[in-house]
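# Structural features, examined
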Amino acid sequence: MKGLALFESSEESAKAPALVHEGPFAAVAMEQSIDRTLDYAVPPALIKQIKIGQRVRVPLGKNNRSAFGYVTDIQPHTTYPKIKRLLGIDDERALIPPALMDLARWMGRYYVTPLGSVLETILPSAVRKRIGLGHTNQVRLAIPRADAQAILEKTRAPKRRAILARLLQLEPEAKIELVRLAGEAGVKTPTVRKLARIGWISISQEVDLPSLTADLQPSAAAETDLALNEDQTKVLDALRPRLDEGFSVNLLLGVTGSGKTEVYLQCIRQVVAAGKRAIVLVPEIALTPQTVRRFTARFKHVAILHSGLTATDRHRYWQQISSGQAEVVVGARSAVFAPVPDLGIIVVDEEHEASYKQDTAPRYHGRDVAIKRAQLENVPVLLGSATPSLETYYRVSARQKIAVPSDSNRAAPALLHLPARVRGLQMPHVEVIDMKQENRFRRGVHLLSQRLEHLLRTTIDAGQQAILLLNRRGYSNFVYCSSCQEPVSCKYCDATMTYHRTTAADAQNATLQAGLHTGQLHCHYCLAVNSLPSKCPQCGKLLALFGLGTQRVEEEIQRKFPDLKFVRVDSDSMRGSKDYEATLERFARREIQMMLGTQMIAKGLDYPNVTLVGVISGDTALALPDFRAAERTFQLITQVAGRAGRGDVPGRVVLQTFLPDDPTIQAAIRQDYVGFARDELISRREVGLPPYTRMVRIVLRDQSAEKLHKYSEELGAVLSDAVTKEGSGVSMKGPMPCAINRIAGYFRNQIVLTSESGQALQKILQDIRKPGGLTRAERIAVDVDPVSLL
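Residues numbered from 1 in each chain as written. Predicted model: local features only at pLDDT ≥ 70, side-chain atom pairs only at ≥ 80, totals over all residues. Heavy atoms only, no water.

Counting through the fold element by element, Trp-318 comes out in helix α11 (residues 311-322). In this structure, the C-alpha to C-alpha distance between Trp-318 and Cys-526, residues 208 residues apart in sequence, is 33 Å. Sequence-distant contacts of Trp-318, that is, excluding residues within four places in its chain, are made with Arg-93, Leu-95, Leu-123, Pro-124, Val-127 and Pro-339. (Helix = DSSP H or I, 4+ residues; strand = E, 2+ residues; numbered from the N terminus. Contact = heavy atoms within 4.5 Å.)

Pasting the structure below:
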């Protein structure tokens, strides 16, 4: 099928032989983002030590400065005209296993990124720098257990008897730390070392690793699998044989609360029982203690990878995972690179999440890399969502109708459905509030409709909890001078600045109550911060605050519900993951009656006492100049609506909007994903947008508008020639200004390439890349399969 070339392998063209040098030679991918590998002669002293995947030191440049890179190949010959010698091995470990090296090569080609940069992304910096790895002395028996037992019975030395007796209490082949053994045997460490000198025991220095998450909870792994309903049983029955049949792509489309996680867990259970391991990707925002507990309650050895880990912990977890001690690895986007041996399955939860896409080079999508890794390691990948991306939904559903060639080693993609909630629970009732009509009959500015206010009161009075969503932080997103008729804009970006109130405590002081606002203006693009001027800088007239944000809604709730125990959850109020986790724990204990927040509270939360969800402004993102605006709006509304009614009390959703008749809003009210996807796919097909085409976006930037225009035109001409040479089927738009023309002082232009064939786009990019046309990383960003066009 067209467009599926993303997951196809391609062979690099063979180099024509020239002057041949005898080796061995190590091909090294440099960390300096050089867009090719360099060959270095391996010194005789290192020939037996050098391995593919090692980090090495090499001379680089005219001055032969010491630089680092990764060995990607070892070959007996090279045609490089001038060969330098490798300086040394930085780390004796093969840090990049073969499967990940193959994945890195594919990523380098597909995402148009130097291989060294890809390897830097795959390997955590803490591992490269060897941060925090301590070592301990581990003691084992060096003689057969029967011989040790015979010695124990014969020897009269009490200290030696104590040491041998403690070692015999261990499981066969088990080890114990030297200091611990000495303490438990009641001897000193030199006494233990004497037994090593006479050959009874062995003492080896090994890496000191922390306990995995589940190991810290002795009661963990006691929970058994839950009983499945009829829909879950059908899905699991369809998945079980595919878990043993090699690579396959499986999409689980299940409504919110339908029990997708239980299906994941039981699939992983089967894989682990077969002696293999699993990787589970979840969005960082959904990596909550509640999510973690679902896995640690089922499996004994679980590694949790998240952004809050220290460098030391990150390195130690990496070491544990690579040594096979973790049965299950759960983490955000970068966990797809976990060095898991004997991989058996990859699960990608909430596969539609835009956070799986990295916004710096390599600009990879975690879901797509997971699929490619599963293909390389010949294991199944299970994608799950209540609102799958239209690309995934289209490709999987379309491939189901295509016969797989008999010589193919890949099973056809499977589209599996969970159409109803578990335990017979009903989907929440959604009612829409037309804010245009609402504002006609109320004086003043009200961000909460009368209906939402009434339901909030009755919900809290009944001892239940509520969630309010507004996916816009700050107080006011539009600071405006009515005299000049100009908004206050960021001096570094072509964007208006957002007013942020100083602190929650300031909302109660006399200054704010008198109508004067204290706070700061923030740019949400370059993160610049300015004080809020008391008057317009241009004409001296008063400024007005328009628009809304979570702080403004917070102020209204405090005024209308003074006794309500609620908290605002956004990136301003939650300074770190610990704040967020502590807030969720308090909400679970019902110390908090309501949470108000951005998309941080829209996904991954399962609290049975939440019976009301309010969407303050359901059409906020619909006007964005991005063809995915409707899709994202539908996904966000559907996901947050799914937080309601997960207990015995039915849920309600109040959706406030100024566009109640918009097709996206209407589909969200019905919670009809299939209907929304059908209509949106028709629209995209008519205008040739993904998933019917592949897309590449090239963004160029410079602080000088004139220089930007010059090399935008130069690159545009080269690309235009390449497109013409490639023939029909590739469309090029641009160079043209980006939707936000200037960010952080840099002017921005873009060129957008589209084609029904991913291979045609890749050929054009590689033709431009070979002579170095895309190597200026500080000025050119190549985004393959972009998720945002802003």
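This part takes up the confidence of the model for the protein. Per-residue confidence for the protein averages 85 on the pLDDT scale, and 90% of its residues sit at or above 70. This model gives residues 1-17 a pLDDT under 50, and the stretch forms 31 contacts once residues within four places in sequence are excluded. This model gives residues 214-221 a pLDDT under 50, and the stretch forms 16 contacts once residues within four places in sequence are excluded. (pLDDT = per-residue confidence, 0-100.)

Time to look at the packing of aromatic side chains. On inspection of all chains with the given rule, the structure shows ten aromatic pairs. Pairing Tyr-110 with Tyr-111 gives two aromatic rings, centres 5.0 Å apart and planes at 90°, and the pair type is edge-to-face. Side by side, Tyr-110 and Tyr-111 carry an identical accessibility label, which is buried. Taken together, Tyr-393, Phe-634, Tyr-673 and Phe-676 form an aromatic cluster joined through their ring pairs. The ring of Phe-299 carries Arg-269 above its face, with NZ or CZ at 5.2 Å from the centroid. The ring of Phe-747 carries the charged tip of Arg-742 above its face, separated from the ring centre by 5.9 Å. (Phe/Tyr/Trp six-rings, centres within 6.5 Å; stacked < 30°, edge-to-face > 60°. Buried < 20%, exposed > 50% of the residue type's maximum accessible area, 1.4 Å probe, protein only. Lys NZ or Arg CZ within 6 Å of the ring centre and 35° of its normal.)

The next thing to look at is the nonpolar core. Judged by nonpolar contacts, the single largest core of 115 residues is most densely connected at Met-595 and Ile-698. Element by element, the count of residues in this core is highest for helix α1 (residues 98-110), at seven residues. Those residues in contact with Ile-698 that sit more than four places away from it in its chain are Leu-715, Leu-719, Asn-749, Gln-750, Ile-751, Leu-765, Ile-780, Ala-781 and Val-782. One finds Leu-252, Phe-299, Val-330 and Leu-416 within the second-largest nonpolar core, a separate group that totals 29 residues. (Core = buried A, V, L, I, M, F, W, Y, C linked by side-chain atoms within 4.5 Å.)

For the bond running from Ala-361 to Pro-362, omega is -5°, close enough to zero to count as cis. Here Pro-690 and Pro-691 are connected by a cis peptide whose omega angle stands at 15°. Relative to the helices and strands, Pro-691 is located in the loop between α21 (673-687) and β29 (694-702). Unlike most non-glycine residues, Arg-590 shows phi in positive territory, near 65°. For Arg-590, the location among the structural elements is in the loop between α18 (577-588) and β26 (594-597).

So, on to a positive patch on the surface. Taken together, the side chains of Lys-159, Arg-160, Lys-188, Arg-193, Lys-194 and Arg-197 present a region of like positive charge at the surface. Looking at the positive patch, the elements that each hand over two or more residues are α5 (158-168) and α7 (189-197). In terms of residues, the positive patch owes the most to one element, α7, which gives three residues. With relative accessibility at 65%, the residue Lys-188 sits in the exposed group. (Patch = residues over 30% accessible without salt bridge, like charges linked within 9 Å, V, L, I, M, F, W, Y side chains within 5 Å. Areas by Shrake-Rupley, 256 points an atom, 1.4 Å probe, with all protein chains shown as cover. Salt bridge = Lys/Arg side-chain N within 4 Å of Asp/Glu carboxyl O. Lys, Arg positive; Asp, Glu negative; His and termini not counted. Charge placed at Lys NZ, Arg CZ, Asp CG, Glu CD.)

All right, on to the pattern of salt bridges then. When their charged atoms lie close together, side chains carrying opposite charge are able to pair. Following the criterion strictly, the structure yields 46 salt bridges and no others. A salt bridge links Arg-373 to Glu-377; its shortest N-O distance comes to 2.9 Å. In this pair, Arg-373 and Glu-377 both sit in helix α12 (residues 366-377), four residues apart, roughly one turn of the helix. As a salt-bridge pair, Asp-679 and Arg-678 come within 3.6 Å of each other at their nearest N and O atoms. Since its relative accessible area comes to 48%, Arg-678 is described here as partly exposed. It is possible to trace a salt-bridge network through shared partners that takes in Glu-31, Arg-55, Asp-90, Glu-120, Arg-128 and Arg-130.

This paragraph deals with the sheet that holds strand β15 (residues 380-385). Sheet architecture is open: seven strands sit in the order β12-β13-β11-β14-β15-β10-β16, paired in parallel fashion. Taken across any chain shown, the strands that pair with only one partner, and hence form the sheet edges, are β12 (302-305) and β16 (414-418). Strand after strand, the sheet turns through a mean of 15° between neighbouring axes, direction not considered. When strand β10 (residues 248-254) meets β15, the two strands line up parallel, connected through six bridges. Residue pairing across strands places Val-249 opposite Val-381, the latter belonging to β15. (Pairing = 2+ DSSP bridges. Axes fitted to C-alpha atoms, helices over the stretch in contact; angles between N-to-C directions.)

Over its twelve residues, α11 extends 17 Å from the first C-alpha to the last, a length consistent with the 16 Å expected when each residue adds 1.5 Å. Taken together, the buried positions of α11 are His-315, Arg-316, Tyr-317, Trp-318, Gln-319, Gln-320 and Ile-321. Just past α11, the residue Gly-324 takes up positive phi, approximately 85°. (Expected span 1.5 Å × (residues − 1).)

Our focus in this paragraph is the pairing of strand β32 (residues 780-784). Among the five residues that make up β32, five are buried, leaving the element largely enclosed by the rest of the structure. Burial along β32 is two-sided: the residues Ile-780, Val-782 and Val-784 and Ala-781 and Asp-783 are all buried. Of the pairings in the sheet, the one linking β29 to β32 comprises five bridges and is antiparallel in character. Of the residues in β32, the one forming a bridge with Ile-698 is Val-782.

On to the sheet that holds strand β24 (residues 544-546). The strand order across the open sheet built from three strands is β20-β19-β24, with neighbouring strands paired in antiparallel fashion. One side of each edge strand has no neighbouring strand; the edge strands of this open sheet are β20 (486-487) and β24. Bridge analysis of strand β19 (residues 478-481) against β24 gives three bridges, and the strand direction is antiparallel. Note on β24: the bridge partner recorded for Phe-478 is Phe-546.

A few words now on the pairing of strand β3 (residues 55-60). Most of β3 is tucked away: five of the six residues are buried. Note: β3 against strand β4 (residues 65-78), six bridges, orientation antiparallel. Bridging from a neighbouring strand, Arg-57 pairs with Phe-68 of β4. Counting the residues in the hairpin turn of β3 and β4 gives four residues, including Gly-61, whose phi is positive at 85°. Direction of pairing for β3 relative to strand β6 (residues 88-91): antiparallel, over a ladder of three bridges. By the bridge assignment, Val-56 is partnered in β6 with Ile-89.

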